[in-house]
Amino acid sequence: MTIGDAASAGGRDEGSGRRRQILEIAAQLFARKGYRGTSMRDIGEQAGVLGGSLYHHIKSKDALFVELHNGALDAAEARIAAAVATQADPWVRLEAACASLLDIQLAADSLTMPMMNDFRAVPDGVRDQLVARRDRFEQLFRDLVAALPLPADIDRSLYRTLLLSQLNSAADWYRDGRLTRAQIAAQIVAIFRHDRV
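Residues numbered from 1 in each chain as written. Predicted model: local features only at pLDDT ≥ 70, side-chain atom pairs only at ≥ 80, totals over all residues. Heavy atoms only, no water.

### Points about the overall build of the protein chain
No. 1: In terms of helices and strands, the protein chain carries eleven helices and zero strands.
No. 2: In the protein chain, once contacts between residues fewer than 6 apart in sequence are set aside, the share between residues at least 24 apart is 70%.
No. 3: Summing over all exposed atoms, the protein chain offers an accessible surface of approximately 10,100 Å²; the carbon and sulfur share of this is 49%. (Helix = DSSP H or I, 4+ residues; strand = E, 2+ residues; numbered from the N terminus. Contact = heavy atoms within 4.5 Å. Areas by Shrake-Rupley, 256 points an atom, 1.4 Å probe, with all protein chains shown as cover.)

### Considerations on the pattern of salt bridges
No. 1: Counted under the stated rule, the structure contains eleven salt bridges.
No. 2: Arg-134 is the partner of Asp-135 in a salt bridge, and the nearest nitrogen-oxygen pair spans 3.6 Å.
No. 3: With a relative accessible area of 31%, Asp-135 lands in the partly exposed category.
No. 4: Taking relative accessible area as the criterion, Arg-134 reaches 24% and is therefore assigned partly exposed.
No. 5: Via salt bridges that share partners, Arg-134, Asp-135, Glu-138 and Arg-160 belong to a single interconnected network. (Salt bridge = Lys/Arg side-chain N within 4 Å of Asp/Glu carboxyl O. Buried < 20%, exposed > 50% of the residue type's maximum accessible area, 1.4 Å probe, protein only.)

### Topic: the nonpolar core
No. 1: Counting 32 residues, the largest nonpolar core has Ile-80, Leu-94, Leu-102, Phe-137, Phe-141, Tyr-159 and Leu-167 as the members making the most contacts within it.
No. 2: Sort the elements by how many residues they give to this core and helix H6 (residues 90–106) lands first, with ten residues.
No. 3: Among all residues touching Leu-167, those that are not within four sequence positions of it are Cys-98, Leu-101, Leu-102, Gln-105, Phe-141 and Ile-188. (Core = buried A, V, L, I, M, F, W, Y, C linked by side-chain atoms within 4.5 Å.)

### As for the packing of H6 against helix H9 (residues 156–168)
No. 1: Direction vectors running N to C along H6 and H9 enclose 35°, while the axes themselves pass 9 Å from each other. Of the two possible hands of crossing, H6 and H9 adopt the one that is right-handed. Packed against H6, whose contacting residues are Trp-91, Leu-94, Cys-98, Leu-101, Leu-102 and Gln-105, the element H9 presents Tyr-159, Leu-163, Leu-164, Leu-167 and Asn-168 at the interface.
No. 2: When its residues are assigned to classes, the contact of H6 with H9 shows nine nonpolar, two polar and no charged. (Axes fitted to C-alpha atoms, helices over the stretch in contact; angles between N-to-C directions. Left-handed = near helix turned anticlockwise from the far one by under 90°. Nonpolar A, V, L, I, M, F, W, Y, C, P; charged D, E, K, R; others polar.)

### What to know about the packing of aromatic side chains
No. 1: The full count for this structure, using the stated rule, is five aromatic pairs.
No. 2: Relative to Phe-65, the ring of Tyr-35 lies with its centre 5.3 Å away and its plane at 80°, an arrangement referred to as edge-to-face. Placement of Tyr-35 in helix H2 (residues 17–37) and of Phe-65 in helix H5 (residues 61–85) is noted, with a sequence separation of 30 residues between them. Accessibility assignment for this pair places Tyr-35 and Phe-65 in one class, buried.
No. 3: When the centroid spacing of 6.4 Å and the interplanar angle of 50° are considered together, the rings of Phe-137 and Phe-141 count as tilted. (Phe/Tyr/Trp six-rings, centres within 6.5 Å; stacked < 30°, edge-to-face > 60°.)

### Observations concerning the side chain of Glu-67
No. 1: Relative to the helices and strands, Glu-67 resides in helix H5.
No. 2: The class for Glu-67 is buried, based on a relative accessible area of 18%.
No. 3: In this structure the side chain of Glu-67 is engaged in a polar contact, spanning 2.9 Å, whose partner is the side chain of Arg-19. (Polar contact = N/O pair within 3.5 Å; in protein donor to acceptor, adjacent residues only side chain to side chain.)

### What to know about the environment of Tyr-159
No. 1: Mapped onto the secondary structure, Tyr-159 falls in helix H9.
No. 2: Contact partners of Tyr-159, with chain neighbours within four places excluded, come to Trp-91, Leu-94, Val-145, Leu-148, Leu-150, Ile-154, Phe-192, Arg-193 and His-194.

### Some remarks on the confidence of the model for the protein chain
No. 1: Confidence along the protein chain averages 85 in pLDDT terms, with 87% of residues attaining 70 or more.
No. 2: Mean pLDDT across the elements of the protein chain ranges from a minimum in helix H1 (residues 3–11), with 51, to a maximum in H6, with 95.
No. 3: Contacts for the low-pLDDT stretch residues 10–15, under 50 throughout, to residues beyond four places or in other chains number nine contacts. (pLDDT = per-residue confidence, 0-100.)

Shown next, in the form of structure tokens:
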């Protein structure tokens, strides 16, 4: 989801507009410079908050990164769930989910891509939390793939992994122009479509 959405989701019921501003600044820095490249000092300087005052709003860099990551996935999960909720056909549901995920991943201020691709840079304890949340997010796609009328010899776990890998790498190859994001989602589902024979 976008930086603003993650800050909203992460800062929900947490207090002041000042904290939301700090979350937005931190999200921008993490997205631009990565986990390792962003320090609490950077965040404080950008937010105009001095040392100890920052810790009044934020527990730690690790906790902040986890909060923003989870907020981005919470918002993305809600958006995808809403897109598939109105559909009955399993292939149409999958296409709606793919189109939503592409929109999320390819947004100019997407936070899901930079934060989800920064797992190797974080400490092990933080990585465990991020992976656990990502696994819960992927349950949406587990359920969608489980409902597909696939041939029995197709491994659904591998199918889901390949599908998500394709969608999550879209920022590497997508260029505005020939096909819309919705059309690309339809093409991806057409390629992945294997009706039971």
